[in-house]
Amino acid sequence: MRASIVLAALTSLVAAAPQIQISTNEIGLIFTYTNGSQSEQKWVANSISQEPLNSGGIVDNVFVRPPENTAVPGHYLGARCAFLDFQSRGLGVGHVNGPGIIILESKDVIEYVQCNTD
Ligand SMILES: *[C@@H]1O[C@H](CO)[C@@H](O)[C@H](O)[C@H]1NC(C)=O
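Reading guide: rules and limits
- Residues numbered from 1 in each chain as written.
- Predicted model: local features only at pLDDT ≥ 70, side-chain atom pairs only at ≥ 80, totals over all residues.
- Heavy atoms only, no water.
- Buried < 20%, exposed > 50% of the residue type's maximum accessible area, 1.4 Å probe, protein only.
- Helix = DSSP H or I, 4+ residues; strand = E, 2+ residues; numbered from the N terminus.
- Pairing = 2+ DSSP bridges.
- Near = heavy atom within 4 Å.
- Polar contact = N/O pair within 3.5 Å; in protein donor to acceptor, adjacent residues only side chain to side chain.
- Areas by Shrake-Rupley, 256 points an atom, 1.4 Å probe, with all protein chains shown as cover.
- Nonpolar A, V, L, I, M, F, W, Y, C, P; charged D, E, K, R; others polar.
- pLDDT = per-residue confidence, 0-100.
- Contact = heavy atoms within 4.5 Å.
- Salt bridge = Lys/Arg side-chain N within 4 Å of Asp/Glu carboxyl O.

Per an unreviewed UniProt entry, the chain goes by the name C2H2 transcription factor and belongs to Trichoderma parareesei.

J.: Help me out: how do you make sense of the pairing of strand β8 (residues 112-117) in this one?
T.: Two faces belong to every sheet, and in a regular strand the side chains alternate between them. Extensive coverage of β8 is indicated by the burial of five of its six residues. Taken together, the two bridges between strand β3 (residues 51-52) and β8 define a ladder with antiparallel strand orientation. Opposite Glu51, over in β8, you have Val113 as the bridge partner.

J.: What should I look at first to understand the site of the ligand in this one?
T.: Lining the immediate surroundings of the ligand are Tyr33, Asn35, Ser37, Gly56 and Gly57. A distance of 2.4 Å separates an oxygen atom of the ligand from a polar side-chain atom of Asn35. Protein burial of the ligand: of its 370 Å² of free accessible surface, 38% is covered by the chains. Of the residues assigned to the shell around the ligand, the class counts are one nonpolar, four polar and no charged.

J.: Which parts of the structure should I look at to understand the confidence of the model for the chain?
T.: As a general rule, the predicted coordinates of low-pLDDT regions are not to be interpreted in detail. Chain-level pLDDT for the chain is 86 on average; 80% of the residues reach the 70-or-more range. Note that residues 16-24 has pLDDT below 50 and, in this model, 15 contacts with residues that lie over four places away or in other chains.

J.: Help me out: how do you make sense of the environment of Thr34 in this one?
T.: Here Thr34 lies in the loop between β1 (26-33) and β2 (42-45). With sequence-adjacent residues up to four places away left out, Thr34 is seen in contact with Ile58, Val59, Asp60 and Lys107.

J.: Honestly, the pattern of salt bridges in this entry has me stumped. Any pointers?
T.: Side-chain pairs of opposite charge can arise where the charged atoms are in close proximity. Considering all chains together, one arrives at two salt bridges under this definition. The partner of Asp60 in a salt bridge is Lys107, and the shortest N-O contact between them spans 3.2 Å. Of this pair, Asp60 sits in strand β4 (residues 58-65) while Lys107 is found in strand β7 (residues 100-109), placing the two residues 47 residues apart along the sequence. What makes Lys107 partly exposed here is its relative accessible area of 37%. Salt-bridge contacts for Asp85 lead to Arg89; the nearest nitrogen and oxygen are separated by 2.8 Å. By relative accessible area, Asp85 is classed as buried at 3%. On the basis of relative accessibility, which here comes to 43%, the residue Arg89 falls in the partly exposed class.

The following block contains the structure:
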């Protein structure tokens, strides 16, 4: 099955799940490249749509920092992120229960990101 079809299926599942408030917040991302160095923190919209975001190099893993859960001070929301190449092919997908790392299945340059909170 094509990765884009899998992503579309996953995205519709996520869209059907109940959302915990917050639609305008952004999600912080830090790329760790295959050479071990890291990018600065970048921001991507909290969205079920793919957003253009060039990683600037071949990525091994991504540190994901979801917004804080305003209902529970000091706690973060969970988030699901998918990382895609320039042809919108999936490089990796994962979920974090707060700030955490998602490791790419295919190490490559990221061009699109889709991240949304639980
Ligand atoms: C590691 O790779 C990144 C992305 O390609 C690059 O920006 C950075 O300069 C590299 N760092 C080293 C120490 O080679």
